[in-house]
Amino acid sequence: DAVHGHSNLPGATIFPHNIGLGATRDPDLIQRIGTATAIEIAASGIEWTFAPTLAAPQDVRWGRAYEGYSSDPSLIASYARAMTIGLQGKLDASKPVAADRVAATAKHFLADGGTVEGRDQGDARMSEKELVALHAQGYPASIDAGALTVMASFSSWNGIKHHGNHSLLTNVLKERMGFKGLVVGDWNGHGQVAGCSATDCPAAINAGLDLFMAPDSWKGLYDSTLAAARDGRIPAARIDDAVRRILRVKFKLGLMGDAQVARGDVSKVGSDEHLALAREAVAKSLVLLKNNKSVLPVRKGASVLITGPGADNMAMQAGGWTITWQGTDTK
């Protein structure tokens with residue numbers, strides 16, 4: 001999840017979080033950040049990242065609101081295109097993705113930022129018109145830019161978990177939006193579908209999920225999925241479609257066939273060029289407040305108390321998705 005730079009790798013370049021990047025209102029900067037991030041991801045031998053996040057947070061009580069660029073759908077759409085092109089490059093039908101680019105993932109489909117009371121993995125209760133106008137605008141932009149993968153959201157729309165929503169994953173995303181890449185689940189998110197568990201969920205595949213994210217449940221899930229395929233609960237046509245989509249992405253990344261792409265050039269991880277870009281992003285993301293009563297600048301020689309848990313805390317200042325998921329033990 002290279003949400004703000006290759007944030008899983010010590011020594012890699014960290015950029016401001018998405019909420020800060022949204023304040024820059026600069027799609028060109030976002031594309032350049034995507035390119036730098038892809039170079040560092042590819043340098044570590046990885047070919048796929050779970051970014052960009054295209055949430056449109058509507059309630060600041062949502063603990064992941066900082067992962068969204070903005071609550072403004074038009075800004076999200078412009079950033080979705082820019083970051084997708086930055087991460088993947090512009091796709092060429094005759095060539096695989098370049099060795100210093102990676103597959104992007106438009107996530108989390110759909111309305112993860114619109115749940116009631118900002119509850120994480122909660123329920124977005126709204127009309128289809130509001131769902132489209134407010135929460136879906138980033139996805140066509142990312143897909144049109146060539147996004148190879150889309151991640152389903154943990155959350156629900158009007159009570160139906162997205163991992164099991166055939167209408168949205170198949171009828172809308174794959175058919176109406178024309179998405180030809182693979183749809184991946186979130187961390188055991190299939191286990192939240194009605195009638196499912198983390199180790200048994202044909203309903204998610206039938207809804208349109210092509211690839212489970214099953215980090216600790218895969219053995220049981222393999223057995224149950226194989227059984228469901230053999231007895232017809234998962235139709236052969238659905239399996240063929242999922243396999244075709246997965247192979248399409250693998251070939252595009254240069255992982256299959258004769259034109260395989262080698263990744264792993266570490267020379268540009270944390271490079272001066274990328275650090276300069278990070279400083280530019282920090283400067284452009286700063287938000288100035290009106291200086292009522294001339295409080296600033298602070299008088300030279302004055303004693304100033306800076307207090308609070310984040311005053312001298314690198315982990316809090318870097319935020320989540322920095323080495324660890326919450327970034328709480330980053331030193």
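Caption draft 1: Representation of the overall build of the protein within the structure. Counting its secondary structure elements, the protein contains 11 helices and 6 strands. Taking the principal axes of its C-alpha atoms as reference, the protein extends roughly 80 × 45 × 35 Å. Within the protein, buried positions represent 50% of all 331 residues. Looking at the protein alone, contacts between residues at least 24 apart form 74% of all its contacts between residues at least 6 apart. Counting 34 positive and 33 negative side-chain charges, the protein places the centres of these two groups 4 Å from one another.

Caption draft 2: Seen up close, the sheet that holds strand β2 (residues 123–124). If you trace the 3 strands from one edge of the open sheet to the other, you get β2-β4-β5, paired in mixed fashion. Of all strands in the sheet, those bounded by a partner on one side alone are β2 and β5 (160–161).

Caption draft 3: Representation of the sheet that holds strand β6 (residues 182–184). Strand order in this open sheet of 3 strands is β1-β3-β6, and the pairing throughout is parallel. A single partner strand is all that each edge strand has here, and the edge strands are β1 (105–109) and β6. Across this sheet, the average inter-strand angle for adjacent strands is 25 degrees, counted without regard to direction. Across 3 bridges, the pairing between strand β3 (residues 149–152) and β6 is parallel. When the bridges of β6 are listed, V150 appears paired with V183.

Caption draft 4: Representation of the pattern of salt bridges within the structure. One pass over the full model with this rule turns up 18 salt bridges. R238 is the partner of D210 in a salt bridge, and the nearest nitrogen-oxygen pair spans 2.5 Å. Residue D210 is located in the loop between α7 (202–207) and α8 (218–230), and its partner R238 is located in helix α9 (residues 236–252); the two are separated by 28 residues in the primary sequence. Side by side, D210 and R238 carry an identical accessibility label, which is buried.

Caption draft 5: Fine view of the pairing of β3. With burial as the criterion, each face of β3 is covered, one bearing T149 and M151 and the other bearing V150 and A152. In the sheet, β1 pairs with β3 via 3 bridges, with the strands oriented parallel. By the bridge assignment, F109 is partnered in β3 with A152.

The rules behind the values
Residues numbered from 1 in each chain as written. Predicted model: local features only at pLDDT ≥ 70, side-chain atom pairs only at ≥ 80, totals over all residues. Heavy atoms only, no water. Helix = DSSP H or I, 4+ residues; strand = E, 2+ residues; numbered from the N terminus. Buried < 20%, exposed > 50% of the residue type's maximum accessible area, 1.4 Å probe, protein only. Contact = heavy atoms within 4.5 Å. Lys, Arg positive; Asp, Glu negative; His and termini not counted. Charge placed at Lys NZ, Arg CZ, Asp CG, Glu CD. Pairing = 2+ DSSP bridges. Axes fitted to C-alpha atoms, helices over the stretch in contact; angles between N-to-C directions. Salt bridge = Lys/Arg side-chain N within 4 Å of Asp/Glu carboxyl O.

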